[in-house]
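A structural walkthrough
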Amino acid sequence: MVFFRTRALLRTGVILDIDGVFIRGKERIAGSGAALERLDKNNVPWVMLTNGSGSESKKAASVSRIIGYEVDPAKVIVSHTPMKDLPLRDTRILLSGQKGGAEALRAYGYENAVWSVDHMHAFPKQTPLKWRNGLTPQPTPPLLGTPSPTPYDCVAVFGEPCDWYSELQLIIDTLLTNPKTGEMTNTQQVPFYFFNDDITFAGDYPHPRLAGGALLLCLRALFTSITKKELKVNRYGKPHNVQYAYAEQLLKTQAPDITNVMCVGDNVLSDITGANEAGPQFTSVLVLSGIASQPPRHGEVPVSCLPELTYNNVSDFVDDLLSEKKADRPIDLQVVTATDCPLCEHMLDLLDDIDMSMNIEEVPLRTLDTDKQDAYKERIPVLNLKQAGGGTFELAHGKVSAGGLKWKLNKYC
């Protein structure tokens, strides 16, 4: 059984990626600033959700400057923003990442954290290869806490560290060191937090560049090779549900009655997968202005990577969203039912008992001719009908859209 319901008269909020949606490297994507302005003029709540790192306010200022429209820093969520709410301020943390991430952690009030670069300069023998090309240790006033021989209680990685050899060496040392005794072991001793799973990102170079998720792949392989065990990771950032829950709550500070969330991004592995797996209130929207240059096809990627809607860019998405919002037409419900399905009959009975202020139309699946089924498959690659026997069909995957901006509530027969 499949339900289609239009978004008209429903309160919609929008989650927007940054890289590949509004900017590419240091260049503005055409129409992106105007698209954001139109959302504001039409009172559509939005937040920006990026797997980048650094200060939220600096990120907002940078994006504002590039796209020519003011971005409120309170609406910007970077990969490590949820760290604000984690109960780790009294924990001695080794932070791996770039300078902007260390500055952000300091702004969050983490006084016991130590930036990995400060640690390397204070204890150069721990990362010997770092100093073999003419570099020399130059201890300076630390950006966060003061490095010391005292073992760390956990490790956190913000964004993409630049010197992978040194960072990997220091992270593995810390993970295997008992924080109470200082003894090096062969098992993971402390928690590990990772805040960006993106393997690639879209920058100034014409092809995708390696991102933080690539570092995690290397770290996992090294850890398993050394210990013969699997690394345990607390993962944040897209595509993980915790990031979407955080963004949804921020949206609801603007409009508590939001019931539908459109998630716009250019990366099928993070933006699209994350939205598809975050919950029924989220709709995945792919734009072809960043990493993705064409929509993925069914069978070429996992089902979780298939977008529910696709647009050339964020401007086209906003055009469609606002035209749907202004249509002001009643909500309709179309139910596609399988033959002799007790669940279908039961659900239809339940719908009859509920005043949903909508017209309900039952469409038996057997009445859809082959051409119609093929048309659905061609337009919406997520729809995969397979014969279940006895002349009935079942949905191999229930994420179905009938075109336009639709909200899907899916059931299986």
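The coordinates are above.
What counts as what
- Residues numbered from 1 in each chain as written.
- Predicted model: local features only at pLDDT ≥ 70, side-chain atom pairs only at ≥ 80, totals over all residues.
- Heavy atoms only, no water.
- 1 Å grid on protein atoms, 1.4 Å probe; cavity = no way out; pocket = protein on both sides within 12 Å on 5 of 7 lines; lining within 4 Å.
- Points joined across faces, edges and corners; volume = space filled by probe spheres on them.
- Nonpolar A, V, L, I, M, F, W, Y, C, P; charged D, E, K, R; others polar.
- Pairing = 2+ DSSP bridges.
- Helix = DSSP H or I, 4+ residues; strand = E, 2+ residues; numbered from the N terminus.
- Contact = heavy atoms within 4.5 Å.
- Axes fitted to C-alpha atoms, helices over the stretch in contact; angles between N-to-C directions.
- Buried < 20%, exposed > 50% of the residue type's maximum accessible area, 1.4 Å probe, protein only.

1. Details of empty space enclosed by the protein
By the definition in use, this model includes 2 cavities of 30 Å³ or more. Forming the boundary of the second largest cavity are Ile 15, Leu 16, Asp 17, Leu 49, Lys 238, Tyr 244, Cys 263, Val 264 and Asp 271. In terms of residue class, the lining of the second largest cavity is built from 6 nonpolar, no polar and 3 charged.

2. As for the sheet that holds strand β2 (residues 12–16)
Spatial strand order, β6-β5-β2-β14-β15-β16: 6 strands in an open sheet with parallel pairing. Lying at the two open borders of the sheet, with one neighbouring strand each, are β6 (76–77) and β16 (309–311). When β2 meets strand β14 (residues 260–265), the two strands line up parallel, connected through 5 bridges. The residue of β14 that forms the bridge with Gly 13 is Val 261. Along the sheet, helix α7 (residues 241–254) makes contact with β2, β5 (46–49), β6, β14 and β15 (282–287), crossing β5 at roughly 150°.

3. Here we look at the pairing of strand β9 (residues 154–158)
Summarising burial for β9: 5 of the 5 residues are buried, a large majority. Across the two faces of β9 the burial is the same, with Cys 154, Ala 156 and Phe 158 and Val 155 and Val 157 all buried. Bridge count for strand β7 (residues 93–97) against β9 is 5 bridges, and the pairing is parallel. The partner of Ile 93 across the bridge, within β9, is Cys 154. Of the strand pairs in this sheet, β9 and strand β10 (residues 192–194) are connected by 3 bridges, and their pairing is parallel. Paired with Val 155 across the two strands is Phe 192, which belongs to β10.

4. A word on the sheet that holds strand β8 (residues 114–115)
Spatially, β8-β7-β9-β10-β13 is the arrangement adopted by the 5 strands of the open sheet, whose pairing is parallel. Where the open sheet ends on each side, the last strands, each with one partner, are β8 and β13 (234–235). Sheet analysis places β7 next to β8, joined by 2 bridges and oriented parallel. Bridging across to β8, Leu 95 finds its partner in Trp 115. Helix α5 (residues 164–175) contacts β7, β9 and β10 of the sheet and is inclined by roughly 160° relative to β7. Across the sheet, helix α6 (residues 212–227) touches β9, β10 and β13, and the angle it forms with β10 is around 150°.

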